[in-house]
Amino acid sequence: MIEVTVLDTYDTVIDTLPGVTRSAMSLDIRSKPATNGVQQLLGDPRFELMPFDSIDDQLDRLPDGARVAVTTSPKLGLDATVEWTEQAAARGFEVIPHVAARYVEDEAELAEVARRLTAVGVTDVFVPGGDREEPEGEFESAYELLVALEDLEYSFDEVGITGYPEGHDFLDDRTLADAMVKKAPYATYVVTQLCYDPEAVVDWVEEVRARGIELPVEVGVPGVMKYDRLLDISQKVGVGDSVRFLRKTTGILGFVRQLVGSRGNYAPDALVDGLAPYVSDPDYGLRGVHLYTFNQVADLESWRETKLDGADD
């Protein structure tokens, strides 16, 4: 089964751009007080970076010791992910490399990757399927690689898998649900694909919990970026419903005003504010956010710091 996620797909999209059913328990997302949910979500996020030349400068702009996820690039392959993981770990960051299944040739290469990662102190890996039409070797899916990881002499405390709040362009909901049930015993948490609609995330979590999957969830949150570029990326990685959500929240005129008022930049305030009321509810198990930085850390960090300052007021 081909498994493609936004966490590895948007690398491909960036390469092509200039410059770099609902659960019965569903509630009105505005009916709960936010309390300190914003601080809990943004206080210690995971920052996702792509292993391009710009990553060195992006690391300089992150807080000391930050959690950094390094993706697998279709152009550069898994070697670049491992190399940048080693460099970032040497600089004191807590690094979570993406070990994309369809980029790994065989169990021998997987063992060597695991050896190098554990040698620099990596304790957490994220396992997506990988954005390749044909696999590099014997692993067709994340599930197959997760099984192989179990048999290695090297181990990780944390292993992440992908969740799809808005479904998948190529896989139906039943296939996605069955795949998660298979992968869940090998994982310790879930990271969701990029999504703009907090209600879609909350409803999806409820559905996952109803299927008996209790893994904690890190919500994928888009970073700060110009609307036109972000919408282009979003359409290409298959989150059209979220794009429509951005427009429908205030209507088309409101959307245009939003564009003008923000000088054409998107910031995820509405998404974070919508999720904040659920952070303290153990039934949802939201343990934080996974920030898609698009290698534009400076703008994202400026927004995050401002948001946290406002939450303290």
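Residue positions are given per chain, counted from 1 along the sequence in the order it is written. Local features in this predicted model are restricted to residues whose pLDDT is 70 or higher, and side-chain atom pairs enter the listing and the counts only when it is 80 or higher, whereas totals over whole chains, interfaces and linings include all residues. The side-chain quantities take in all heavy atoms of the structure and omit both hydrogens and water.

**Let's talk about the pairing of strand 5 (residues 158–163)**
What counts, and what does not: To sort residues, take the accessible area from a 1.4 Å probe on protein chains only and compare it with the maximum for the residue type: under 20% means buried, over 50% means exposed, and anything in between is partly exposed. Helix and strand labels come from DSSP, where a helix needs a run of H or I of at least four residues and a strand needs a run of E of at least two; each type is numbered from the N terminus. A crossover gets the label right-handed when its path from the first strand over the helix to the second runs clockwise, viewed with the strands pointing away from the viewer. Only strands that DSSP links by at least two bridges are regarded as paired with each other.
Of all six residues in strand 5, five are buried; the element is thus mostly enclosed. Handedness of the crossover joining strand 4 (residues 124–126) and strand 5 through helix 6 (residues 142–150): right-handed. Where strand 5 meets strand 6 (residues 189–192), four bridges bridge the pair, whose relative direction is parallel. Looking at the pairing, Thr162 lines up with Val191 of strand 6. Between the parallel elements strand 5 and strand 6, the chain passes through helix 7 (residues 173–183) in a crossover that is right-handed.

**A closer look at unusual backbone geometry**
Most peptide bonds take the trans configuration, and most residues that are not glycine carry a negative phi. The backbone of Phe294 shows a phi angle near 50 degrees, a positive value even though the residue is not glycine. Its location among the elements puts Phe294 in the loop between strand 10 (286–292) and helix 13 (297–312). Here Phe294 falls in the buried class, since its relative accessible area comes to 0%. The backbone of Asn295 sits at a positive phi, close to 55 degrees, despite the residue not being glycine. Relative to the assigned elements, Asn295 resides in the loop between strand 10 and helix 13. Since its relative accessible area comes to 6%, Asn295 is described here as buried.

**Some points on the pattern of salt bridges**
Let me state the cut-off plainly: Whenever Lys or Arg places a side-chain nitrogen within 4 Å of a carboxyl oxygen from Asp or Glu, that contact is recorded as a salt bridge.
The full count for this structure, using the stated rule, is 17 salt bridges. With a shortest N-O distance of 3.0 Å, Asp57 and Arg61 are connected by a salt bridge. Arg132 serves as the salt-bridge partner of Glu136, at 3.3 Å between the closest nitrogen and oxygen. Glu136 sits in the partly exposed class, given a relative accessible area of 41%.

**A short note on the packing of aromatic side chains**
Short version of the rule: A pair of aromatic rings is counted whenever rings of Phe, Tyr or Trp (Trp by its six-membered ring) have centres within 6.5 Å, and the orientation is called stacked for planes under 30 degrees apart, edge-to-face for over 60 and tilted otherwise.
Scanning the model with the defined rule gives three aromatic pairs in all. Taking the centre distance of 5.9 Å and the plane angle of 75 degrees together, the rings of Tyr143 and Tyr186 count as edge-to-face. Residue Tyr143 is located in helix 6, and its partner Tyr186 is located in the loop between helix 7 and strand 6; the two are separated by 43 residues in the primary sequence. Among the residues examined, Tyr143 registers a relative accessible area of 26% and is labelled partly exposed. Where Tyr196 meets Tyr266, the ring centres are 5.3 Å apart and the plane angle is 85 degrees; that geometry is what we call edge-to-face. With Tyr196 in the loop between strand 6 and helix 8 (198–210) and Tyr266 in strand 9 (residues 265–266), this residue pair connects regions lying 70 residues apart in the sequence. Classification of Tyr196 as buried rests on a relative accessible area of 1%. Judged by its relative accessible area of 4%, Tyr266 falls in the buried class.

**A word on the packing of helix 4 (residues 77–90) against helix 5 (residues 107–119)**
Between two packed helices, what matters for the description is the angle formed by their axes and the separation of those axes. This is how it is decided: As a rule, the C-alpha atoms of each element are fitted with a line to give its axis, helices using only the stretch in contact, and angles between N-to-C directions run from 0 to 180 degrees. Angle categories: roughly parallel below 35 degrees, roughly antiparallel above 145, roughly perpendicular from 65 to 115, and oblique for all the rest. Each crossing gets its handedness from the near helix: less than a right angle anticlockwise from the far helix is left-handed, clockwise is right-handed. Contacts are assigned to residue pairs with any non-hydrogen atoms lying within 4.5 Å of each other.
One way to put it is that helix 4 packs onto helix 5 with a least axis distance of 9 Å and a crossing angle of 15 degrees. Considering the angle they form, helix 4 stands roughly parallel to helix 5. Considering only the axes of helix 4 and helix 5, their crossing is left-handed. On the side of helix 4, the interface is formed by Leu78, Val82, Glu83, Thr85 and Glu86, while helix 5 contributes Val113, Arg116 and Leu117.

**Brief notes about the pairing of strand 3 (residues 94–97)**
Walk down a regular strand and you will see the side chains alternate between the two sheet faces. Direction of pairing for strand 2 (residues 67–70) relative to strand 3: parallel, over a ladder of four bridges. Bridge pairing links Arg67 to Glu94 in strand 3. The parallel pair strand 2 and strand 3 is bridged by helix 4, and the resulting crossover is right-handed.

**Structural notes on the sheet that holds strand 6**
In spatial order, the strands read 3-2-1-10-7-6-5-4; together these eight strands make up an open sheet with parallel pairing. Each having just a single partner strand, strand 3 and strand 4 make up the two edges of the open sheet. When the angles between neighbouring strand axes are averaged without regard to direction, this sheet yields 25 degrees. Of the strands in this sheet, strand 2 and strand 3 touch helix 4, which is tilted by about 170 degrees from strand 3.

**Quick word on the side chain of Lys307**
Under the convention used in this document: Identification of polar contacts relies on pairs of N or O atoms within 3.5 Å, with a donor-acceptor requirement for protein atoms, meaning one able to donate a hydrogen and the other able to accept it, and with residues adjacent in sequence counted only if both atoms are side-chain atoms.
Tracing the chain through its elements places Lys307 in helix 13. A relative accessible area of 14% places Lys307 in the buried class. Only 2.8 Å separates the side chain of Lys307 from the side chain of Asp273, close enough to count as a polar contact. Apart from the residues lying within four places of it in its own chain, the contact partners of Lys307 are Val38, Leu42, Asp269 and Asp273.

**What to know about the environment of Arg46**
With respect to the secondary-structure elements, Arg46 resides in strand 1 (residues 46–49). Note on Arg46: relative accessible area 0%, which makes it buried. Between the C-alpha atoms of Arg46 and Tyr292, which are 246 residues apart in sequence, the distance is 8.7 Å. Ignoring sequence-local partners within four residues, the contact set of Arg46 consists of Arg67, Ala69, Ile96, Asp124, Tyr189, Glu218, Arg287, Val289, His290 and Leu291. Polar side-chain contacts of Arg46 include one of 2.9 Å to the side chain of Tyr189. Reaching out from Arg46, the side chain makes a polar contact with the side chain of Glu218 at a distance of 3.1 Å.

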